[in-house]
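Here is how the chains run, residue by residue.
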Amino acid sequence: MGKPAEDLRAYIALGIIISSALAFSLFFLYGSTPTPYGGDDSIYLNYAYTAATGRFSEMGFLALGGSPIFGIRLMQVLPIALFFKLFGAGIFSGAMWDILSFLGSIAATFLIGKELYGNKAGLFSALLLSLFPLVVSRASTVNDNITMMFLTTLAMLCFVYGLKRSSRGWYAACGALLSASITTTPEALITSLVLAIYILFSFVRTKRLPRGTACIAYGFAATLLLISIFNYANVGSPFLTLSLNNEFYGTTGPMHVSVTPSGFNLLEYPTAMFQYGAAAVYKITNPVAAMPQMYLSNLIPTGFYFYALIPFIVYLVVVREKRAYFPIFWFLATFLYLEAGPMHIGVAPLSYIPMFKMLRFLILAAAPVTLIIGMALHRLLDDKGYPKAYRLAAVSAIIAFLAVTSVPLSVMWYYTIYYLNYNQISIAGYLGSLPNSTQIYSTGFFDNVLPYMGYANISRFHPTLLNCTGTRPVGYIIAIGQQYASQGVLKLPGCPAADMIPMPMHPNYIPIMGTILNYSNNLNVTLPYIPNNATSVREINQEPMYLYRFGNATNG
């Protein structure tokens, strides 16, 4: 009788959680992540711009740079293009798809927890996901792992609904979402394999398949067919997604594995999950001052979630809480695949390439991690063996600890991204203040400068300028990388003498992986957000960005 009222209260609480997550994401919206934290973001933005302006072709993005492998990631590129079309091109509209995917993942996680266990488990799980630093750190960017998490979590929700209700429609929707998720980033295929193993185990245990699960394969195949038709219509190759991914992971993958031992390091994820240096971060109250300790101790945001996860898995198994077995299996199978599964299996010659270890792939396990903790907290709260006041205090303390320790990590991440992008923001602001006729050249693809400028008058942009032989360009050059500029000198063959325009580092930026170079500013230019006579330019890791004025260009 009280069920509808209980559900209503739960949905109101979920609305508050989602609203808070949205406010947090918008407040710390500093744009796409630079290398090495997710440098593919600018490529997706540029691809989406070409699609939004009617020049879409999966293989035709060379005008704005990048590899064709990113062009086949349709569920990343096309939704961003839609937001560009609706709200104009820029950083805010470019990040909307990730923000909505983040919020959608919170809602889907709540619904899974509610379906499997109850409203409280769903709410605990949703709240914890909304605060999970590993997820929150990328929620306001253009990171494909967030959209991958959304589609795979949504697929799991459909599977749970299909399982509980013996619904062929939900199973078909699950298959369709699993297939679509591969076009965010192919690592999403791990979830399909995890689900296939779960169904196989169910068959071995019960000697029959759950009724209607064949519809998962039908939904998967139907969506794959649509993708193939789309590929054929665009480039005449129905198997483009398969062939490009096979080529990319069969060549680029082995290259990465051979260059870095991380591909074989089975301690990569455990080391990231259980940071012994984590406590040192929280001794410092100033997030800016804490950043070096955060990264020098390799505490890329995972928080203390995994410290809670392991004992809670043991607890749920000991009390034989069968309702929690599905998310436990989901997490363990995902983790084991990330640890030892293949990134690519070559056919000729036969070669097994281990999954390339990257911390952001743990986002695949974010939903099951929070579901396990949420269900354990619900079980603990309902345990009649202890006084209610004790149970409530214990659950509240656990949630409060995870929240209080998670928020500073996420804030530090956001500030770090802002500081790293500050140089590009400044360059974009300076160039944006010049007349639209001003010509702008680059040695690369502008990284995030184009999105920060809202792609204003894009015809004046000239990417991939590697020399000036045969031409005498007049305007501004964005030199990206030490190979094109260093110590204030432009190193492009045949280019005219140029004056470097110092672009500042953020006053709170602390060079953790990069360096700071100082130059004398004899141009006396005034830049947005920067005092007159600024004298420093910041290097961003291996790709410092410099701005030069050359020829007869003026400062407008």
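Calculation notes
- Residues numbered from 1 in each chain as written.
- Predicted model: local features only at pLDDT ≥ 70, side-chain atom pairs only at ≥ 80, totals over all residues.
- Heavy atoms only, no water.
- Helix = DSSP H or I, 4+ residues; strand = E, 2+ residues; numbered from the N terminus.
- Expected span 1.5 Å × (residues − 1).
- Buried < 20%, exposed > 50% of the residue type's maximum accessible area, 1.4 Å probe, protein only.
- Disulfide = S-S within 2.5 Å.
- Salt bridge = Lys/Arg side-chain N within 4 Å of Asp/Glu carboxyl O.
- Phe/Tyr/Trp six-rings, centres within 6.5 Å; stacked < 30°, edge-to-face > 60°.
- Lys NZ or Arg CZ within 6 Å of the ring centre and 35° of its normal.
- Axes fitted to C-alpha atoms, helices over the stretch in contact; angles between N-to-C directions.
- Parallel < 35°, antiparallel > 145°, perpendicular 65-115°, else oblique.
- Left-handed = near helix turned anticlockwise from the far one by under 90°.
- Contact = heavy atoms within 4.5 Å.
- Nonpolar A, V, L, I, M, F, W, Y, C, P; charged D, E, K, R; others polar.
- 1 Å grid on protein atoms, 1.4 Å probe; cavity = no way out; pocket = protein on both sides within 12 Å on 5 of 7 lines; lining within 4 Å.
- Points joined across faces, edges and corners; volume = space filled by probe spheres on them.
- Pairing = 2+ DSSP bridges.
- Core = buried A, V, L, I, M, F, W, Y, C linked by side-chain atoms within 4.5 Å.
- pLDDT = per-residue confidence, 0-100.

Attention now moves to helix 2 (residues 41-52). Taking 1.5 Å as the rise per residue, helix 2 with twelve residues should run 16 Å; its terminal C-alpha atoms sit 16 Å apart, in good agreement. Counting buried residues in helix 2 gives twelve out of twelve residues, a clear majority hidden from the surface.

Right, let's get into the state of the cysteines. Counted by the stated rule, this structure contains one disulfide. Disulfide pairing is shown between C468 and C495; the S-S distance is 1.9 Å. Torsion about the S-S bond of the C468 and C495 cystine: about 75 degrees, corresponding to right-handed handedness. Pair noted here: C468 is in the loop between strand 4 (461-462) and strand 5 (475-480) and C495 is in the loop between strand 7 (489-490) and strand 8 (498-501), with a separation of 27 residues, a long-range link. On the basis of relative accessibility, which here comes to 2%, the residue C468 falls in the buried class.

What follows covers the pattern of salt bridges. Counted according to the given criterion, the structure contains eight salt bridges. The residue D7 makes a salt bridge to K114 at a minimum N-O spacing of 2.8 Å. Of the two residues, D7 sits in helix 1 (residues 3-27) while K114 sits in helix 5 (residues 91-116), which places them 107 residues apart along the sequence. The exposure classification of D7 matches that of K114, with both residues buried. Close ionic contact of D144 with R73 constitutes a salt bridge, the shortest N to O distance being 3.5 Å. With a gap of 71 residues between them, D144 in helix 8 (residues 144-165) and R73 in the loop between helix 3 (68-71) and helix 4 (74-87) connect regions that are remote in the sequence. The residues D144 and R73 share a single accessibility class, namely buried. Salt bridges sharing partners connect three or more residues here, namely K3, D7 and K114.

This next bit is on the packing of aromatic side chains. What the rule picks out here adds up to 22 aromatic pairs. Measuring from centroid to centroid gives 4.2 Å for F132 and Y305, while their planes differ by 0 degrees, and the two rings are stacked. With F132 in the loop between helix 6 (119-131) and helix 7 (133-136) and Y305 in helix 16 (residues 305-318), this pair connects stretches of sequence that are 173 residues apart. Neither residue differs from the other here; F132 and Y305 are each classed as buried. Considering the side-chain rings of F331 and F335, the 6.0 Å spacing of their centres and the 20 degrees angle between planes classify their relative orientation as stacked. Remark: F335 and F331 occur in helix 17 (residues 325-340); sequence separation between them is four residues, near one turn of the helix. Taken together, the ring pairs in this structure connect F159, Y171, Y198, F201, F326, F329 and W330 into an aromatic cluster. Residue placement shows R165 over the ring face of Y161; its charged tip is 4.1 Å from the ring centre.

This part covers the packing of helix 8 against helix 10 (residues 189-206). Relative orientation of the contacting elements helix 8 and helix 10 amounts to 20 degrees, with a least axis distance of 11 Å. The angle between helix 8 and helix 10 places the two elements in the roughly parallel class. Viewed along their axes, helix 8 and helix 10 form a crossing whose handedness is right-handed. The residues of helix 10 that touch helix 8, namely those facing T152, M156, F159 and L163, are T191, V194, L195, Y198 and I199. The residue makeup of the contact of helix 8 with helix 10, split by class, is seven nonpolar, two polar and no charged.

The space that makes up the second largest pocket amounts to roughly 730 Å³. Around the second largest pocket, the lining is made up of 26 residues, and of these I182, P186, L189, L242 and N245 lie nearest the centre. Of all the elements in the fold, those that place two or more residues in the lining of the second largest pocket are helix 10, helix 11 (214-235), helix 12 (240-259) and strand 1 (342-346). Across the lining of the second largest pocket, the residue classes tally to 17 nonpolar, eight polar and one charged.

A sheet is described by the order of its strands in space; here five strands give the open sequence 4-3-5-11-8, paired in mixed fashion. The sheet is open, and its two edges are formed by strand 4 and strand 8, each paired on a single side. Of the strand pairs in this sheet, strand 3 (residues 440-442) and strand 4 are connected by two bridges, and their pairing is parallel. By the bridge assignment, I440 is partnered in strand 4 with F461.

Below, the discussion takes up helix 11. With 22 residues, helix 11 should reach 32 Å at 1.5 Å per residue; the first-to-last C-alpha distance of 32 Å fits that figure. If you check which residues of helix 11 are buried, you get C215, I216, G219, T223, I227, S228 and N231. Two residues or fewer past helix 11, G236 is found with a positive phi of approximately 75 degrees.

This paragraph deals with the nonpolar core. F331 and L431 are the most contacted members of the largest nonpolar core, which has 138 residues in total. Setting aside its immediate chain neighbours within four residues, F331 contacts M273, F306, L309, I313, A365, P368, V369 and I372. Among the nonpolar cores identified, the runner-up in size contains 14 residues, and C468, A479, L492 and Y546 belong to it.

Take unusual backbone geometry next. Peptide bonds are, in most cases, trans, and in most cases residues other than glycine have a negative phi. Even without being glycine, S166 reaches a positive phi, approximately 50 degrees. Secondary-structure assignment places S166 in the loop between helix 8 and helix 9 (168-181). One non-glycine residue with positive phi stands out, namely N457, at about 45 degrees. Relative to the elements of secondary structure, N457 occurs in the loop between helix 20 (449-452) and strand 4.

So, on to the confidence of the model for the protein. Counting all residues, the mean pLDDT for the protein is 80, and 78% of those residues have values of 70 or more. Taken together, the stretch residues 58-66 has pLDDT below 50 and engages in 32 contacts with residues farther than four places along the chain or on a different chain. Taken together, the stretch residues 510-542 has pLDDT below 50 and engages in 88 contacts with residues farther than four places along the chain or on a different chain.

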